[in-house]
Every structure is written in structure tokens, then in C-alpha cells.
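Here is how the chains run, residue by residue.
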Amino acid sequence: MKFPAAQTSSTIDPNSQEVYEFTRTDPGPALPVLAANGAVKRQATQERTCGKQDAEGRQLCIELSPPTAESAARAKARVEAQRAESEAKAVRAGVSAAGAAVAPLVELVDWCWDKPVGKDYMTRGEACLKNIGSARLVFVDADRSAEIGFAKFDFEQRIKAYPNKGASGSDFAEFDQAISIVPVSVDAALEGVTMKWNVGSTCSSCVTSNVRWTDGQANNAGPAAYWKADEVHEFASRWGRVSTTWNGTGKETIDLGWSVTATVDASDSAKATASFGTSGIEQVRELAPRCDDIVKGSAPGCVLPYFKPTWTVDTNLYPVAGAYYWYMQQVMPDHAGSKRWDSLMHYLGPDTAVRNSTGGTWTSDNSRTRVCDNTWSVHPSDASVGSVDCDEFAMASTHESGGYPKSVNLVTSGSKCAQLFTDKMGDGSANFAILADTRTATNGPSGTERCGRAGGHPEHAEPAGLHRVPGSVVADAGRRRVLPDSPGIRALHVGRDHLHLAQDRLT
């Protein structure tokens, strides 16, 4: 497997994360409820729910419905109007319209505002819920034989978890939530409509603010989301936001739930409530923030751990690592870190319960010592390769390392790993290659080994090594609050390489 020499600079961002499209497991009655395996557990009910009768026997009812072509068209029109407004402001300010910042100031998740309606999206720290749908209010008379008036609204929600207090501006770990409510129509018979956003939480160590309401331009909108019947237009949206600070110790995964309660000016007491579901069924909890003070070298913070972060090997700078890791991902039985096989790695952090021979905490150095033991020696290579070090795969700071005692890939010695080395091609070109070390295994790797051991220039190998390079994956694990030894917590994916060898990632 050949590749060019390392470049001195690169435009690849190893920490870049793609926005992930996901399906909620408990979205409320407007959409079906899914089991952990994705199967439909309960069809959408979309039933009308009604509150108690008022003094005159009248009732307010609410019906939820999923996004439709009409609601998607309304959302698209709002996006286009926002873009046009932003570009016009830029021109008035003497700024190029093409470079105008178009996300509205009120937006909590700045990449979310123009995402298509009908899907939900997330990253490690943010969620963009655009599949909630619409609500139809129906005000009925005492015997329900006549419908007095109607109103219709479109809804979206956001979640933003801050990885540390520096990101949030708070002295505590924090996550924020927001709702967007856009009126479509309000009949004059209702006179006016008020919407209350109800936010529930299981947090035992949290303080949650009151809902702060603004209009679509981030101006204060008063204590509630309110519209008079004659105030409905495309810019009449109301945005509610709550902030939750966590002051606990250790870690806590926080389940959330949401609903809205509507009232109308035409009645003193009629109200109706509709559920927007929860952060997910117990087995999945896709929207449940996790806050902790465990990550070493980082202030307390919160993430959405359902999202598994990606770390991309910069193969412009480190082609040896890119080629070596890609090859091992293809041939190892568990395909450690491969996107193609959806095989995620698990981070070995400083708080693991596994002990070494002296009774101390098992560390990445212990795993590395087993794989890069005294059976490894430098393979002769061209002088242009430079100094050579032993680099293991899977990395020593993962549960998939051949040296980790509980690893599915555990070996008694690194001599059981695939033996590889780096050398110049010798064909007159400037290319290098990953080659089989046949000094012991004369036919080279069998393709069934559970680990790899390769020699390469430290400048090539180390930045892609999870075990010993400050500022690379270890630092990224801290920024993204990847916790050790947590069931279901998967660590870092290796991503699409730029040698066009694969489309793999290290989790």
C-alpha cells in the first residue's frame, strides 16, 4: 500500500463533525414510537385531546399532526424571507450579501435554522428538532355539536449542551433548550391565543430558569407566547428558551419531557395540553443530556452522548498512520473503528476499574507495553524514513487494544499482532509504503490478527495515536466529554481519509 510523503500543511480538520440525522424513539402522539431496534412500537395516535369545560360548558381541544408538504413549504418560505432580510441588512451595512450571516439572532443552534422540516438532526452538543409538526386548536361548544373557532401553529425545538463552563458563560455545567412557535392562523372568535411551554426534567442536581420569550428578532416578547387574532403573519413567531445548570458531582444523564398548554381569550378557563414526547425511551435516550465533572483537565460540562464523535486522521500530514489504520480496520475481525462496519471504539480513561500487576489503575502505557513488548525491533528501512517507533492498532487508549485485559482483541504478546513497517518504495519515486515484516512471519500477516504493530516515523505515527499525543485525540476526548468505562459510551471514530483508501472513522 503506497502513499506520497507527508505534506507540511493541510486543510483537513481532524475535529470536524458531520451533523447526524436521527429518529426519535418517543416523539409524542404526532409520530410513531420506535423501539430500540428502530421497529415501530406504537403507531402515531394523532388524537384530539381536550381540556375541562369552562363555566359555559365550552372546551378547548388540540390536535397534533406530523409535518406535511404545506408546513414544509411554510418553513421554507420563512427561511427564504430570513435570508433575504439578512442579505438586505448586509447590503445596507456595506457588507457583501454573499457573506452575510443569515442565522437569526434568536436561533440557539446556528446551523439548524435552514435545515429541512420533517427530520431531526444532532451533533455531540446540539439537537435540531424539525419533525415535531403542527397543532390545531379547536374551540367547541358545550355539546360539541358546533366548533366556535380554530387556530393553527407550527413547532420546532432545539437543545444545546455546553462542553464546559467557558462555552456557556456559566460557572456550572449547562444545557439550554428552545422552542419556536409560529402562528399559521387564529380565528377572530378566539380573540387571542396564549401558549405555555412545559419543560420536564429528572435532574437531581439542576436549576432551571423560567421560560424567556422573544420574537423572531430576539426582542423581549413578555412573559408568555401570545398572539391576538389580528396579529398573525410570517414574522410573528415566538421563541421560548430555558437554561439548566448542573451542580452535581460525578455524572448524571438527564431525561427530558415537553408539552405545550394553550388558552384562548374567548374563555376564562378553557385550556388544552399536547405532549411533544420525551428525550427517548430508556434503552436509547437519544436527547438526554449527560453532565459530568469527571473529564480531567476540563471544567464541568454537558454533552448529548447518543452522538458518537468522529476524529479524522489527517492523511495529508500523517499518511503512514492513515494507510496503516485503514488496512488494520479492513482485516481485523472486529474492524475496530470502521464506519463501514459500524464498529466503534471505546475510550480507556483514567478511572477504569481494571488494575495492573502492581494494583494500580490500568493505563494506556500498560496496554502499549504488552503490544510493543521486547519482541518488537526496528525493521531496516531507507534513511529517508528517519527514526522509527512502534505504533500499535487498535490504540492503547481504547478498550479494543490488543493489550487491554478485557479487550475482544487481547493477545499475550505483540508478536501475535500483524507485523508491518514503513519504507520508501525503491522504484525511483518519492512514494512510501506500508509493507509486511516477514522476518518472523515469512508469509506476512494472515489477515486474521486481532491487532497491528507497525514501525513508522514518529512524526507520522504519533499524531494519530490515541495514547501519547497531547492536542490530538486525547484532547478531543476531553473537549467532547468522552467518559471511560461507561456502558454504551463509545469513544472516537477514525474518519474519511484523503488517500481515497476508505471512508472510515475512529470512534
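Residues numbered from 1 in each chain as written. Predicted model: local features only at pLDDT ≥ 70, side-chain atom pairs only at ≥ 80, totals over all residues. Heavy atoms only, no water.

K.L.:
What is the right way to read helix 3 (residues 319-331) from this model?
P.N.:
Since there are 3.6 residues in each turn of an α-helix, residues three or four apart along the chain are aligned in direction. Its 13 residues give helix 3 an end-to-end C-alpha distance of 19 Å, which sits within 8% of 18 Å, the value for a rise of 1.5 Å per residue. Summarising burial for helix 3: 11 of the 13 residues are buried, a large majority. Residues Pro-319, Val-320, Ala-321, Gly-322, Ala-323, Tyr-324, Tyr-325, Trp-326, Met-328, Gln-329 and Gln-330 constitute the buried set of helix 3. (Helix = DSSP H or I, 4+ residues; strand = E, 2+ residues; numbered from the N terminus. Expected span 1.5 Å × (residues − 1). Buried < 20%, exposed > 50% of the residue type's maximum accessible area, 1.4 Å probe, protein only.)

K.L.:
Sorry, what's going on with the pairing of strand 6 (residues 59-65) here?
P.N.:
Regular strands have side chains that alternate between both faces of the sheet. The buried fraction of strand 6 is high, at 6 of 7 residues. Here 3 bridges tie strand 5 (residues 48-50) to strand 6, and the two strands are oriented antiparallel to one another. Its bridge partner being in strand 6, Cys-50 is matched across the sheet by Cys-61. (Pairing = 2+ DSSP bridges.)

K.L.:
How do you make sense of unusual backbone geometry when you look at a structure like this?
P.N.:
A negative phi holds for most residues other than glycine; trans holds for most peptide bonds. Ala-394 follows Phe-393 through a cis peptide bond whose omega is 5°. Turning to its location among the elements, Ala-394 is positioned in the loop between strand 22 (389-393) and strand 23 (418-424). One non-glycine residue, Ala-218, lies in positive phi territory at about 70°. Here Ala-218 falls in the partly exposed class, since its relative accessible area comes to 34%. Phi angles above zero are rare outside glycine, and His-335 is one such case at about 50°. Here His-335 lies in the loop between helix 3 and helix 4 (364-371).

K.L.:
Explain the nonpolar core here, please?
P.N.:
Generally speaking, a soluble globular protein has its nonpolar side chains buried in company with each other. Leu-137, Phe-153, Phe-155, Met-195 and Val-260 are the most contacted members of the largest nonpolar core, which has 50 residues in total. The element that contributes the greatest number of residues to this core is strand 8 (residues 126-140), accounting for 6 residues. If sequence neighbours within four positions are ignored, Met-195 has contacts with Leu-137, Phe-153, Phe-155, Ile-181, Trp-213, Ala-225, Trp-227, Val-260, Thr-261 and Ala-262. The next biggest cluster of nonpolar side chains, apart from the first, holds 21 residues, and it includes Phe-3, Ala-321, Tyr-325 and Leu-420. (Core = buried A, V, L, I, M, F, W, Y, C linked by side-chain atoms within 4.5 Å. Contact = heavy atoms within 4.5 Å.)

K.L.:
How should I be thinking about the sheet that holds strand 16 (residues 251-253) in this particular structure?
P.N.:
Backbone hydrogen bonds are what pair the strands of a sheet, in a parallel or an antiparallel way. With respect to topology, 3 strands assemble into an open sheet ordered 16-19-20, the strand pairing being antiparallel. At either end of the open sheet lies a strand with only one pairing partner, and these are strand 16 and strand 20 (301-303). Strand-to-strand twist in this sheet, taken as the mean axis angle between neighbours without regard to direction, amounts to 20°. Across 3 bridges, strand 16 lies against strand 19 (residues 290-292) in antiparallel orientation. Among the inter-strand pairings, Thr-253 is bridged to a residue of strand 19, identified as Arg-290. (Axes fitted to C-alpha atoms, helices over the stretch in contact; angles between N-to-C directions.)

K.L.:
Can you help me understand the side chain of Lys-130 in this one?
P.N.:
Residue placement: Lys-130 occurs in strand 8. Relative accessible area serves as the criterion here: at 3%, Lys-130 is assigned to the buried category. Within polar-contact distance, the side chain of Lys-130 engages the backbone oxygen of Lys-115 at 3.0 Å. Ignoring sequence-local partners within four residues, the contact set of Lys-130 consists of Pro-67, Cys-112, Trp-113, Asp-114, Lys-115, Pro-116, Val-117, Gly-118, Lys-119, Asp-120, Glu-156 and Arg-158. (Polar contact = N/O pair within 3.5 Å; in protein donor to acceptor, adjacent residues only side chain to side chain.)

K.L.:
Honestly, the pattern of salt bridges in this entry has me stumped. Any pointers?
P.N.:
Where charged atoms of side chains with opposite charge meet at close range, the side chains can pair. According to the stated counting rule, one finds 18 salt bridges in the structure shown. We note a salt bridge from Arg-368 to Glu-392, for which the minimum N-O separation is 3.0 Å. Highlighted residues: Arg-368 in helix 4 and Glu-392 in strand 22, separated in sequence by 24 residues. Comparing Arg-368 with Glu-392, the two get one shared label, buried. (Salt bridge = Lys/Arg side-chain N within 4 Å of Asp/Glu carboxyl O.)

K.L.:
In this structure, what is going on with the packing of aromatic side chains? I would like to understand it.
P.N.:
How two aromatic rings sit relative to each other is set out by the distance from centre to centre and by the angle between their planes. If you walk through the whole model with that rule in mind, you get 8 aromatic pairs. Clustering of aromatic rings is evident, with ring pairs tying together Tyr-20, Phe-22, Tyr-306 and Phe-307. Its end group placed over the ring of Tyr-121, Lys-115 keeps NZ or CZ at 5.4 Å from the ring centre. (Phe/Tyr/Trp six-rings, centres within 6.5 Å; stacked < 30°, edge-to-face > 60°. Lys NZ or Arg CZ within 6 Å of the ring centre and 35° of its normal.)

K.L.:
Can you help me understand the environment of Leu-344 in this one?
P.N.:
As for its position among the elements, Leu-344 is in the loop between helix 3 and helix 4. For Leu-344 and Asp-334, which are 10 residues apart along the polypeptide, the C-alpha to C-alpha distance reads 9.4 Å.

K.L.:
I tried to follow the environment of Cys-61 on my own but got confused; where do I start?
P.N.:
Along the polypeptide, Cys-61 turns up in strand 6. The buried category is assigned to Cys-61, whose relative accessible area is 0%. Distance in space between the C-alpha atoms of Cys-61 and Arg-136 is 8.2 Å, their sequence separation being 75 residues. With near-sequence residues (within four places) excluded, Cys-61 lies in contact with Arg-48, Thr-49, Cys-50, Arg-136, Leu-137, Val-138, Val-140 and Ala-272.

K.L.:
What am I meant to see in the side chain of Glu-449 here?
P.N.:
Position of Glu-449 among the secondary structure elements: in the loop between strand 24 (432-436) and strand 25 (452-456). One buried charged side chain, Glu-449, makes no salt bridge at all; its nearest oppositely charged neighbour is Arg-450, positioned 10 Å away. Among the polar contacts made by the side chain of Glu-449, one reaches the main-chain amide nitrogen of Ser-446 at a distance of 2.8 Å. Engagement of the side chain of Glu-449 in a polar contact is seen with the backbone nitrogen of Gly-447, the distance being 3.0 Å. Dropping the residues within four chain positions of it, Glu-449 is found in contact with Met-332, Pro-333, Lys-416, Cys-417 and Ala-418. (Lys, Arg positive; Asp, Glu negative; His and termini not counted.)

K.L.:
When you look at helix 4 in this model, what are you seeing that I'm missing?
P.N.:
All buried positions along helix 4 are accounted for by Ser-364, Ser-367, Arg-368 and Val-371. For helix 4, the angular spread of buried residues about the axis comes to 95°, placing them on one side. Exposed residues lying more than 90 degrees from the buried face of helix 4 are Asp-365 and Thr-369. (Arc of directions from axis to C-beta.)

K.L.:
What is the right way to read the state of the cysteines from this model?
P.N.:
Any covalent bond linking the sulfur atoms of two cysteines counts as a disulfide. Applying the stated criterion across every chain yields a total of 6 disulfides. Across the disulfide, Cys-112 is cross-linked to Cys-128 (sulfur-sulfur distance 2.0 Å). Handedness here is read from the sign of the S-S torsion; for Cys-112 and Cys-128, about 65°, the answer is right-handed. Of this pair, Cys-112 sits in the loop between helix 1 (69-92) and strand 7 (120-122) while Cys-128 sits in strand 8, and the two are 16 residues apart along the sequence. A sulfur-sulfur separation of 2.0 Å characterises the disulfide bridge that pairs Cys-372 with Cys-390. Looking down the S-S bond of the Cys-372 and Cys-390 bridge, the torsion is -75°, so its handedness is left-handed. In this pair, Cys-372 sits in the loop between helix 4 and strand 22 while Cys-390 sits in strand 22, placing the two residues 18 residues apart along the sequence. The same class applies to Cys-372 as to Cys-390, namely buried. Disulfide partners in the protein chain, listed by the sequence order of the bonded cysteines, are 1-2, 3-4, 5-6, 7-8, 9-10, 11-12. (Disulfide = S-S within 2.5 Å.)

Structural measurements only, silent on function.
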